[in-house]
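Chain residues, written in single-letter form:
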Amino acid sequence: LGAMPLRVYEVLLIVGMLVSGSINTISKSAQNNSKQPGMYSTYTCSNSSASFNRTTCEAAGATWSDEQKFNAPWSQTLLMFIGESLALAIYLVQQRNKRSEEERALLLNADITRESEALINKSQPPVKVWQPILLIPTLCDLTGTTLAGIGLLYIAASVWQMLRGSIVLFTGTFSVLFLKRKLKPYQWAAMLSIVGGLALVGLASVLSGSSSTGASQGQTVLGILLVLAAQIVSAAQMVLEETYLKERRLPPLLVTGLEGVFGTVIMLVAVLPIVYVIPGDQKSGMSHGSYENSVDAAVMIGNNWTLGLLCGLYCLSITCYNFCGQSVTKHLSAVHRTLIDASRTIIVWGVELAMLYGGLEGYGEPWTKYSPLQLGGFVLLVFGTLVYNNVVKIACLGSPESK
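Since this is a predicted model, take the numbers as computed values, not measurements.

## Concerning the overall build of the protein chain
Within the protein chain one finds 14 helices and four strands. Out of the 403 residues in the protein chain, the part that is buried amounts to 45%. A sequence separation of at least 24 residues applies to 74% of the contacts in the protein chain between residues at least 6 apart. Total accessible area computed for the protein chain in this model is approximately 20200 Å², and 65% of it derives from carbon and sulfur atoms.

Below is the structure:
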């Protein structure tokens, strides 16, 4: 890629971010719609006289049921952290290549002397990978991702993706409260547009009912509130990360990778064992059941190659999305990254519609009579995001002119 024209490389980054970001949301939603046998699945036949085995059951025209729905938001958070941790490997490879290039450049222009050797050693100081301060945003990431994952169980993927646009609203509010920034009138107007968009998207989701997720209206409202709560936590994470990146000058890929490693360890050592012993409706070795049985989730992944593929895509898309996102910010701008992130919402919605009407039974979401209301909310969300980032200018509200 280094020999490619920069314009081509930029296009590849944009496409990579758009595709990987869309795969991220779609694969996670598809996991929730998957059904497969688990550790405690019960094998039953709708025709009791043909229940000896699956063959005789289906031969009698009855239904053989040995499947359960994949419901593992905490395990999905572990998958996310595994994907993030791969960013650390990318960062270390980049640092090694950078140091090798500097060494070659120095050796080409100077004899190997004590002075040049010392210059080589000082040209790139050793990378201090251990940054325990990142445990704080890691906990925010853990909480926000899991809340959003639970919310996705009750709402459609397109609604979930659109509600994530509320992070602009919460990040702007926190930047005023904690970073002591002053927002201009056009930014407040943008946030008002985002609030209106969120209201329309949420209303459309509640009115459309359980057509795609099987959730009641009460569960749909709960899902919306959980996703919004997740964006509040994620906004706090972004403010913390911005502080660390500026004060400590930590490379973004290092931050992502370390958060992934810390998060993986926390999930395996503490969180997953805790949610296993908490009473819940998932079958487990506990007499009272478990809130989430991650071992059963692993068995379900192993029993269904499609689910395993979806989980693998989810992990890799996390890695690719973070790498492409950081690179887009570096080579283009943070505004480009925001626009790309907003664009993938319509891709997610389109793919979800295509999956349902394309014949993939059990996947996707329908177009309902309330979908135009959701579309109107999406337009307000995108408009507010564009105004906030000064892509769409409102002169009377103080939008700065391009230089």
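There's more to say after this.
## What about the environment of Val176?
Of note, Val176 is situated in helix H7 (residues 167-177). Leave out the neighbours within four places in its chain, and Val176 touches Arg181, Leu183 and Trp188.

## Thoughts on a nonpolar patch on the surface
The grouping of Val11, Val15, Val19, Ile23, Trp305, Leu309 and Leu313 at the surface amounts to a nonpolar patch, some 650 Å² of accessible area in total. Sorting the residues of the nonpolar patch by element identifies helix H1 (6-33) and helix H12 (305-331) as the ones contributing at least two each. In terms of residues, the nonpolar patch owes the most to one element, H1, which gives four residues. Inspection of the secondary structure assignment puts Leu309 in helix H12.

## Let's talk about unusual backbone geometry
Within the chain, Asn390 stands out as a residue other than glycine whose phi angle is a positive 65°. Of note, Asn390 is situated in the segment after helix H14 (371-388).

## Here's the deal with the side chain of Asn32
Looking at the element boundaries, Asn32 is found in helix H1. Aside from chain neighbours lying at most four places away, what touches Asn32 is Lys69, Phe70, Gln76, Leu152 and Leu153.

## Describing the nonpolar core
By size, the foremost hydrophobic cluster in this structure holds 32 residues, and its most contacted members are Ile155 and Leu163. Among the secondary structure elements, those contributing two or more residues to this core are helix H5 (135-152), helix H6 (157-163), H7, helix H8 (185-208), helix H9 (217-247), helix H13 (334-357) and H14. Among the elements that take part in this core, H8 stands out by supplying seven residues, more than any other. With 22 residues, the next largest nonpolar core counts Ala72, Trp74, Leu226 and Val275 among its residues.

## Considering the side chain of Gln131
Tracing the backbone shows Gln131 in the loop between helix H4 (114-123) and H5. Excluding residues within four positions of it along the chain, Gln131 makes contact with Arg248, Leu250, Leu258 and Phe262.

## Let's talk about the state of the cysteines
Under the criterion given, the structure shown has zero disulfides. For Cys315, which is in no disulfide, the shortest distance to another cysteine sulfur is to Cys311 and amounts to 7.4 Å. Under the relative-accessibility criterion, Cys315 is labelled buried at 12%. Take Cys324: it sits in no disulfide, and the sulfur closest to it among the cysteines is that of Cys320, at 3.8 Å. Overall, the relative accessible area of 5% leaves Cys324 in the buried class.

## Here we look at the packing of H8 against H14
Following both chains from N to C, one finds H8 and H14 inclined at 160°, their axes separated by 7 Å at the closest point. Of the possible angle classes, the one that applies to H8 and H14 is roughly antiparallel. Crossing hand, H8 versus H14: left-handed. Of the residues that constitute the contact of H8 with H14, the class distribution is 16 nonpolar, nine polar and no charged.

## Overview of the environment of Glu242
Along the polypeptide, Glu242 turns up in helix H9. Judged by its relative accessible area of 22%, Glu242 falls in the partly exposed class. Distance from Glu242 to Leu179, taken between C-alpha atoms, is 9.8 Å for residues 63 residues apart in sequence. Those residues in contact with Glu242 that sit more than four places away from it in its chain are Leu179 and Arg181.

## Here we look at H5
Across its 18 residues, H5 extends 26 Å between first and last C-alpha, which sits within 8% of the 26 Å expected from 1.5 Å per residue. Here H5 lies mainly inside the structure; 13 of its 18 residues are buried.

The rules behind these values
Residues numbered from 1 in each chain as written. Predicted model: local features only at pLDDT ≥ 70, side-chain atom pairs only at ≥ 80, totals over all residues. Heavy atoms only, no water. Helix = DSSP H or I, 4+ residues; strand = E, 2+ residues; numbered from the N terminus. Buried < 20%, exposed > 50% of the residue type's maximum accessible area, 1.4 Å probe, protein only. Contact = heavy atoms within 4.5 Å. Areas by Shrake-Rupley, 256 points an atom, 1.4 Å probe, with all protein chains shown as cover. Patch = residues over 30% accessible without salt bridge, like charges linked within 9 Å, V, L, I, M, F, W, Y side chains within 5 Å. Salt bridge = Lys/Arg side-chain N within 4 Å of Asp/Glu carboxyl O. Core = buried A, V, L, I, M, F, W, Y, C linked by side-chain atoms within 4.5 Å. Disulfide = S-S within 2.5 Å. Axes fitted to C-alpha atoms, helices over the stretch in contact; angles between N-to-C directions. Parallel < 35°, antiparallel > 145°, perpendicular 65-115°, else oblique. Left-handed = near helix turned anticlockwise from the far one by under 90°. Nonpolar A, V, L, I, M, F, W, Y, C, P; charged D, E, K, R; others polar. Expected span 1.5 Å × (residues − 1).

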